[in-house]
Amino acid sequence: DWRYTRSFAPHGEHAAARAFLAEYGFVVFRGALNAVEAAQSRAEILSHIERVTEGFDAADERTWGSWSHRRYGMPTDAAAFWQPRLERNRCDLRVVAAFAQCLGCEPSSLRCSHDRWALYPRGIRTRRNVHLDINPWLYANGAAAVAARRATYEYASSDELFGGQENFVSARHGPHLQGTLTLLDNEEQEAGFLCVPGSHRTFERWSRTLDPCSARAGPRYDFPDHSRYMSMAQRVPVREGSLIVWDVRLVHGSAPDQSAQGVETRPRFVQFVSLRTARLNDTEQAKRRSMLIRQLYTTHKLEEPRDAVQRAVAGLADC
């Protein structure tokens with residue numbers, strides 16, 4: 001279908017998918033979720049927003065503008081993303097297979113983030129942005145500093161299982177990937193993911209130009225509006241149920257709804273998911289992380305997966 005970016009199956013197209021990732025810095029896997037699973041995921045998102053947002057009616061899209069988009073449509077409370085279907089998505093065997101083939105590792109050696117989702121209501125004009133979700137100077141030059149920072153993680157609350165905590169990484173334990181699950185068809189003119197294809201291949205050269213003082217910043221680097229990357233960024237339109245996986249060194253971001261007034265578009269439903277090597281945590285930290293995850297499964301009344309690989313990826317098998 002010409003409307004969507006070239007995609008690969010989660011199984012059986014390993015060489016082609018890895019070659020595409022190496023060249024462009026991202027790759028799309030179709031069918032990571034089926035239509036029923038995507039619909040269940042959207043229903044959980046809408047149900048949560050309806051519970052916490054005054055005036056929001058999941059059955060009436062005209063009310064969806066009441067959902068705050070100042071945080072790029074993302075929730076702030078943990079209950080939002082500890083939902084049955086959304087949690088199963090993170091360690092789904094198709095998602096795991098996609099990451100494992102890109103990294104060339106055993107599926108059970110990966111650990112998923114327990115991350116958020118986002119809803120961009122139809123027609124909402126969020127700010128176009130491009131960024132990195134890592135500290136580029138530390139990634140390239142600060143392996144010891146990153147290790148020291150990660151050694152302080154106590155895994156005492158759910159916010160230590162995603163975002164900034166998970167994105168303090170260095171090249172020493174790389175490569176590192178991150179991803180999103182697309183929960184509704186997403187065409188070029190609609191709000192969605194964009195990136196600068198191939199920018200990961202110039203990362204090392206570019207990072208050498210950075211001031212070492214930038215190491216003091218957090219695990220995110222935003223490019224200014226006048227950056228050439230802003231004009232070079234391209235949309236990556238994908239089908240419902242697709243998984244976009246990209247190298248953390250790839251310049252990427254999101255674009256607002258770009259449709260002409262009166263043109264029918266869709267809202268954007270997306271779930272953030274990253275799988276990283278278990279080697280990032282020592283044995284004691286892995287145990288604390290696993291105990292926290294088990295506690296959160298209990299708190300939110302979720303059924304733990306029974307499959308051994310899924311349990312490992314969810315972080316449930318480390319204690």
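Scope of this entry: the structure provided in the associated data block.

Basis of the calculations
- Residues numbered from 1 in each chain as written.
- Predicted model: local features only at pLDDT ≥ 70, side-chain atom pairs only at ≥ 80, totals over all residues.
- Heavy atoms only, no water.
- Helix = DSSP H or I, 4+ residues; strand = E, 2+ residues; numbered from the N terminus.
- Rg over C-alpha atoms; globule rule 2.2 N^0.38 Å.
- Contact = heavy atoms within 4.5 Å.
- Areas by Shrake-Rupley, 256 points an atom, 1.4 Å probe, with all protein chains shown as cover.
- Lys, Arg positive; Asp, Glu negative; His and termini not counted.
- Charge placed at Lys NZ, Arg CZ, Asp CG, Glu CD.
- Expected span 1.5 Å × (residues − 1).
- Buried < 20%, exposed > 50% of the residue type's maximum accessible area, 1.4 Å probe, protein only.
- Polar contact = N/O pair within 3.5 Å; in protein donor to acceptor, adjacent residues only side chain to side chain.
- Pairing = 2+ DSSP bridges.
- Axes fitted to C-alpha atoms, helices over the stretch in contact; angles between N-to-C directions.
- Phe/Tyr/Trp six-rings, centres within 6.5 Å; stacked < 30°, edge-to-face > 60°.
- Salt bridge = Lys/Arg side-chain N within 4 Å of Asp/Glu carboxyl O.
- 1 Å grid on protein atoms, 1.4 Å probe; cavity = no way out; pocket = protein on both sides within 12 Å on 5 of 7 lines; lining within 4 Å.
- Points joined across faces, edges and corners; volume = space filled by probe spheres on them.
- Nonpolar A, V, L, I, M, F, W, Y, C, P; charged D, E, K, R; others polar.

**Some words on the overall build of the protein**
When its secondary structure is counted, the protein shows ten helices and twelve strands. For 319 residues, the compact-globule formula gives about 20 Å, and the C-alpha radius of gyration of the protein, at 19 Å, lands near that figure. Based on the C-alpha atoms only, the size of the protein along its principal axes is roughly 55 × 45 × 40 Å. Long-range pairs, those at least 24 residues apart, make up 82% of the contacts in the protein with a sequence separation of at least 6. Of the roughly 14100 Å² that the protein leaves accessible, carbon and sulfur atoms contribute 50%. On the protein, the mean spot of the 42 positive side-chain charges and the mean spot of the 38 negative ones are 4 Å from each other.

**Some points on helix α2 (residues 35-52)**
For α2, built from 18 residues, the straight-helix expectation of 26 Å at 1.5 Å per residue is met to within 8% by its first-to-last C-alpha distance of 26 Å. For α2, every residue scored as buried is listed here: Glu37, Ala38, Ser41, Arg42, Glu44, Ile45, Leu46, His48 and Ile49. Buried residues along α2 sit against α3 (84-90), α4 (93-103), β3 (117-120) and β11 (268-273). The backbone nitrogen of Val36 lies 3.1 Å from a side-chain oxygen of the residue at the head of α2, namely Asn34.

**Some remarks on the sheet that holds β11**
Taken together, five strands build an open sheet; the order of strands is β1-β9-β5-β11-β3 and the sheet is antiparallel. If you trace the sheet from one side to the other, it starts and ends with β1 (26-29) and β3, each paired once. The mean inter-strand angle of the sheet, taken between neighbouring strand axes irrespective of direction, is 20°. In this structure, β3 lies alongside β11, joined through four bridges in antiparallel fashion. The partner of Tyr120 across the bridge, within β11, is Arg268.

**Comments concerning the packing of aromatic side chains**
All told, the structure shown has 16 aromatic pairs when counted by the stated rule. Between the aromatic rings of Trp64 and Phe269, the centroid separation amounts to 6.0 Å while the plane-to-plane angle is 90°, which identifies the pairing as edge-to-face. On the criterion of sequence distance, the pair formed by Trp64 in the loop between α2 and α3 and Phe269 in strand β11 is long-range, its members being 205 residues apart. We classify Trp64 as buried; its relative accessible area is 7%. Ring centres 5.9 Å apart and planes at 90° place the aromatic pair Tyr153 and Tyr155 in the edge-to-face group. Like Tyr155, Tyr153 is buried.

**Topic: the pattern of salt bridges**
Enumeration over the complete set of coordinates arrives at 21 salt bridges. For Arg62, the salt bridge is made with Asp60, and the minimal N-O distance between the two is 2.9 Å. By relative accessible area, Arg62 is classed as exposed at 76%. Across the pair Asp92 and Arg94 runs a salt bridge, and its minimum N-O distance is 2.7 Å. Salt bridges sharing partners connect three or more residues here, namely Asp1, Arg3, Glu187, Glu190 and Arg266.

**Considerations on the side chain of His252**
You can see His252 is positioned in strand β10 (residues 252-255). Judged by its relative accessible area of 3%, His252 falls in the buried class. At 2.9 Å, the side chain of His252 and the side chain of Asp133 are in polar contact. Engagement of the side chain of His252 in a polar contact is seen with the backbone oxygen of Leu250, the distance being 2.9 Å.

**Some details on the layout of surface pockets**
Volume-wise, the largest pocket comes out at about 590 Å³. Around the largest pocket, the lining is made up of 27 residues, and of these Arg116, His131, Asp133, Arg220 and Phe272 lie nearest the centre. Of all the elements in the fold, those that place two or more residues in the lining of the largest pocket are β4 (129-132), β5 (177-182), β10 and β11. Partitioning the lining of the largest pocket into residue classes produces seven nonpolar, 13 polar and seven charged.

**Description of empty space enclosed by the protein**
Within this structure, the stated rule accounts for three cavities of 30 Å³ or more. Space inside the largest cavity adds up to approximately 110 Å³. In terms of lining, the largest cavity is formed by Arg111, Arg150, Tyr155, Glu166, Arg276, Thr277, Ala278, Leu280, Asn281, Ala286, Arg289 and Asp318. Breaking the lining of the largest cavity down by element, the ones donating at least two residues are β12 (275-277) and α9 (283-299). The residue makeup of the lining of the largest cavity, split by class, is four nonpolar, two polar and six charged. If you add up the space inside the second largest cavity, you get close to 60 Å³.

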